[in-house]
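# Structural characterization, general
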Amino acid sequence: MAVDARRVSNGAPAAAKQSSTPEGLSAPLYHSLIQRLQSGGRWVVLDLGAVRSATIREFGRFRCRLEFVELADGLDALNGEIDPRRIRQLADALLPVRRGEATDVVLCWDLINYLNQPALTAVMECIALRCKRGALAHGLVYYSAKSMPERPSTFVPVDDQRILQHVAPGRERPAPRYSPEDLARCMPRYTVERGRLLRNGMQEFLFKL
């Protein structure tokens, strides 16, 4: 799904805004990403999570085209395939149709943790082919904890500096705890621009294509 974030945000009724602001998680690299957008210009943002009104409101302040891909729906198919060519085909089919505008920013949230290494390579390679050189990808990796929720969480912006994690109900599963070296092998087109350990034990990464 693709939306013009500014048009949707400006057209939303005032009643849609929350009456109280949740605390959220301080995410310095997410903040730096927002600062980049504040510098002006037109941006194309690919969100690998579900459509959320809070995300549309947050990015609606910018000249921004938002594309949503609920990648969680395709995890089982991606992780269950062993043929690299077939994984690439599946990943490509999940992503938006390529348009005239290349992607500038990718919001991976915690999806990186739920892709096995071949699937992670295929997804990030397919995304790279849709991006401008120098595009940025933001991701959260379970680092300190040995387990994580069974299904990906939902992350929504609270403001420029904080994000709120809604944990999916259910059991937990072992976390792959990908290291920077693991990510470098799986995402050879990307370099780690910055990394920060958050107070919830997750490693926040900003990757550069």
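Here the residue numbering is sequential within each chain, running from 1 through the sequence in written order. Local features in a predicted model are, by the rule used here, given only for residues with pLDDT of at least 70; side-chain atom pairs are given and counted only at 80 or more, and totals for whole chains, interfaces and linings are based on all residues. Neither water nor hydrogens contribute to the side-chain values; these are computed over all heavy atoms in the structure.

## Observations regarding the overall build of the chain
Put simply, the rule reads: Only DSSP runs of H or I covering at least 4 residues are called helices, and only runs of E covering at least 2 are called strands; the numbering of each starts at the N terminus. Any residue under 20% of the maximum accessible area for its type is buried, any over 50% is exposed, and the rest in between are partly exposed; the area is computed with a 1.4 Å probe on protein chains only. Any two residues whose heavy atoms approach within 4.5 Å are treated as being in contact. Under the convention used here, a 1.4 Å probe and the Shrake-Rupley method define accessible areas, while residue burial counts only the protein chains that appear.
When helices and strands are counted, the chain shows 7 helices and 12 strands. Counting only residues that meet the buried cut, the chain has 47% of its 209 residues in that class. Contacts in the chain between residues at least 24 apart in sequence constitute 73% of all its contacts with a sequence separation of at least 6. Accessible surface computed for the chain: about 10,400 Å², of which carbon and sulfur atoms make up 48%.

## A look at the confidence of the model for the chain
Low pLDDT means the predicted atomic positions in that stretch should not be read closely. The test is simple: Confidence of the predictor at the level of single residues is captured by pLDDT, which takes values from 0 to 100.
The predicted model of the chain averages 89 in pLDDT, with 89% of residues at 70 or higher. Scored below 50 in pLDDT, residues 7-21 makes 9 contacts in the model with residues more than four places away or belonging to other chains.

## With respect to the sheet that holds strand β9 (residues 162-166)
Rules: For two strands to be treated as a pair, DSSP must find at least two bridges joining them.
Pairing is antiparallel in the open sheet, where 3 strands are placed in the order β2-β9-β8. The open sheet has two edge strands with one neighbour each: β2 (25-26) and β8 (154-157). Of the pairings in the sheet, the one linking β8 to β9 comprises 4 bridges and is antiparallel in character. Following the sheet pairing, threonine 154 is matched in β9 by histidine 166.

## Here we look at helix α5 (residues 84-94)
Applied cut-off: An arc is given here, and it is the one of the directions from the helix axis to the C-beta atoms.
All of the buried residues in α5 are Ile87, Leu90 and Ala91. Within α5, the buried residues cover an arc of 100° as seen down the axis, which keeps them to one side. Exposed residues on α5 whose side chains face more than 90 degrees from its buried face are Arg85, Gln89 and Ala93. Packed against the buried residues of α5 are α4 (75-80) and α6 (117-128).

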